[in-house]
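Single-letter residue listing:
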Amino acid sequence: MYDFKGQTAIVTGGVRGIGKSIVEGFLRAGARVIIASNEAATEQFKQDTSEFAENIDIQICDVSKYEEVEKFFEYIDKKYEGLEILVNNAGIRKDAVLAMMKESEWHDVLNVNLSGIFYMCKFAVMSLMRKRYGRIISITSPSGKYGFEGQANYAASKAGLVALTKSLSKEVARRGITVNCVSPGFIATELIQDLPNELRDSYTAQVPLKRFGKPEEVAACVLFLASKEASYVNGSTLEVTGGL
Ligand code: NDP
């Protein structure tokens, strides 16, 4: 649908789940994709993307570690002529009711889901500003808008990244860079595969479309915001929730 030939996109956590679908979408549309991943690519990932192998570069990088993100961008600066797109997809959940939440569960989630996005944006923006063009898309969640029981840490991180997005969108707009969020509803990935059946059924009942979404349905919205066609969308959140 979109043409990303000649463009370079970074996708964090892109070897499975929603991130993998985003990577596949970019590859099919002609982009080169650099993945910042905690883990090496699985055999399944290699098989599914083999057709585009020369356009994929997977770098091990924990986005919650400032030094690792700094090294990741040093590598990109040396190897490539800048980039056009950053997709902040990596995210984790460590659910617990607040009174029982361990300090580490609070910090781990905030470190990956919010500080990680700050680190990635900080370095990416320097590169995008040189080109006077860029697209930054971060994956938030309805949890950040409504709050869900047992997700004080996750909800705070996802609300925080929306606020980060709005502020950054105002700082860099005059350099031709747009900054937006996509907010997926319940999407069938490993992130939520531990949900008990009763909870899964009750969540499904709340969705007007009466089903969980697919990773590729989220990827389609990310690709739109990353495209040249989305040139006047800035500081916004696109909800992909089946009407939740
Ligand atoms: P998955 O758990 O399937 O995938 C998350 C990916 O992020 C994994 O590849 C994971 O790698 C990577 N990751 C986690 N921590 C880090 C880190 N510190 N550095 C680099 N990579 C990391 O999740 P989804 O695909 O479901 O979720 C993708 C995004 O969408 C997340 O931000 C999530 O919060 C958001 N989201 C998901 C929803 C859903 O229903 N699935 C709903 C709303 C939002 P590894 O496991 O090896 O660490």
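Residues numbered from 1 in each chain as written. Predicted model: local features only at pLDDT ≥ 70, side-chain atom pairs only at ≥ 80, totals over all residues. Heavy atoms only, no water.

**Examining the site of the ligand**
Taken together, 27 residues are adjacent to the ligand, and Arg16, Asp62, Asn89, Tyr154 and Thr189 come closest. Within the contact set of the ligand, an oxygen atom lies 3.4 Å away from a side-chain nitrogen or oxygen of Glu39. Within the side chain of Thr189, an N or O atom sits 2.4 Å from an oxygen atom of the ligand. In isolation the ligand offers 890 Å² of accessible surface; the protein chains occlude 92% of this area. Only α1 (17–28) and α6 (152–172) provide two or more residues apiece to the shell around the ligand. (Near = heavy atom within 4 Å. Polar contact = N/O pair within 3.5 Å; in protein donor to acceptor, adjacent residues only side chain to side chain. Areas by Shrake-Rupley, 256 points an atom, 1.4 Å probe, with all protein chains shown as cover. Helix = DSSP H or I, 4+ residues; strand = E, 2+ residues; numbered from the N terminus.)

**Focus on the packing of aromatic side chains**
The tally for this structure, following the rule as stated, stands at 13 aromatic pairs. Consider the rings of Phe4 and Phe26, whose centres lie 5.1 Å apart with planes at 85 degrees: the pair is edge-to-face. Residue Phe4 is located in the segment before β1 (8–12), and its partner Phe26 is located in helix α1; the two are separated by 22 residues in the primary sequence. Accessibility classification places Phe4 together with Phe26 in one group, the buried group. With a centroid separation of 5.3 Å and an interplanar angle of 90 degrees, the aromatic rings of Tyr66 and Tyr119 are classed as edge-to-face. With Tyr66 in helix α3 (residues 66–79) and Tyr119 in helix α4 (residues 103–131), the pair connects residues that are 53 residues apart, well separated along the chain. Each member of the aromatic cluster is reached from another via a ring pair, and the members are Tyr66, Phe72, Phe73, Phe118, Tyr119 and Phe123. When the ring centre of Tyr133 is taken as origin, the NZ or CZ atom of Lys228, which lies over that ring, is 5.9 Å away. (Phe/Tyr/Trp six-rings, centres within 6.5 Å; stacked < 30°, edge-to-face > 60°. Buried < 20%, exposed > 50% of the residue type's maximum accessible area, 1.4 Å probe, protein only. Lys NZ or Arg CZ within 6 Å of the ring centre and 35° of its normal.)

**Things to note about the packing of α1 against helix α8 (residues 215–226)**
Axis separation between α1 and α8 bottoms out at 8 Å; the angle between their running directions is 50 degrees. Here α1 is positioned oblique relative to α8, judged by the angle of their axes. For the element pair α1 and α8, the recorded crossing hand is right-handed. Between α1, through Gly17, Ile18, Ser21, Ile22, Gly25 and Phe26, and α8, the contact on the second element is made entirely by Pro215, Glu216, Val218, Ala219, Val222, Leu223 and Ala226. Of the residues that constitute the contact of α1 with α8, the class distribution is nine nonpolar, three polar and one charged. (Axes fitted to C-alpha atoms, helices over the stretch in contact; angles between N-to-C directions. Parallel < 35°, antiparallel > 145°, perpendicular 65-115°, else oblique. Left-handed = near helix turned anticlockwise from the far one by under 90°. Contact = heavy atoms within 4.5 Å. Nonpolar A, V, L, I, M, F, W, Y, C, P; charged D, E, K, R; others polar.)

**Re the packing of α4 against α6**
Angle between the axes and distance between the axes: these two values describe a pair of packed helices. Relative orientation of the contacting elements α4 and α6 amounts to 15 degrees, with a least axis distance of 8 Å. In terms of orientation, α4 and α6 fall into the roughly parallel class. Pair α4 / α6 crosses with right-handed handedness. For the pair formed by α4 and α6, the contact residues are Glu105, Trp106, Val109, Leu110, Asn113, Leu114, Ile117, Phe118, Cys121 and Val125 on the first element and Ala152, Asn153, Tyr154, Ala156, Ser157, Lys158, Gly160, Leu161, Leu164, Leu168 and Val172 on the second.

**Quick look at the pairing of strand β2 (residues 32–37)**
Burial runs high along β2: five of the six residues are buried. Assessed by its sense of winding, the connection that carries the chain from β1 through α1 to β2 is right-handed. Note that β2 and strand β3 (residues 56–60) share five bridges and pair parallel. The residue of β3 that forms the bridge with Ala36 is Gln59. The parallel pair β2 and β3, bridged by helix α2 (residues 43–48), forms a crossover whose chirality is right-handed. (Right-handed = clockwise from strand over helix to strand, strands pointing away. Pairing = 2+ DSSP bridges.)

**Some details on α4**
The end-to-end C-alpha separation of α4 is 41 Å, in line with the 42 Å expected for 29 residues at 1.5 Å each. Remark: the principal bend of α4, roughly 40 degrees, maps to Asn111. Among the residues trailing α4, Arg132 stands out with phi positive, at a value near 55 degrees. (Expected span 1.5 Å × (residues − 1). Bend = angle between axes of the 7 residues up to and from the residue.)

**A word on the pairing of strand β5 (residues 134–139)**
Buried residues dominate β5, accounting for six of its six residues. A two-sided burial pattern is seen for β5, the buried positions comprising Gly134, Ile136 and Ser138 on one face and Arg135, Ile137 and Ile139 on the other. One ladder, built from four bridges, connects strand β4 (residues 85–88) with β5; its direction is parallel. Residue pairing for β5: Asn88 is matched across the bridge by Ser138.

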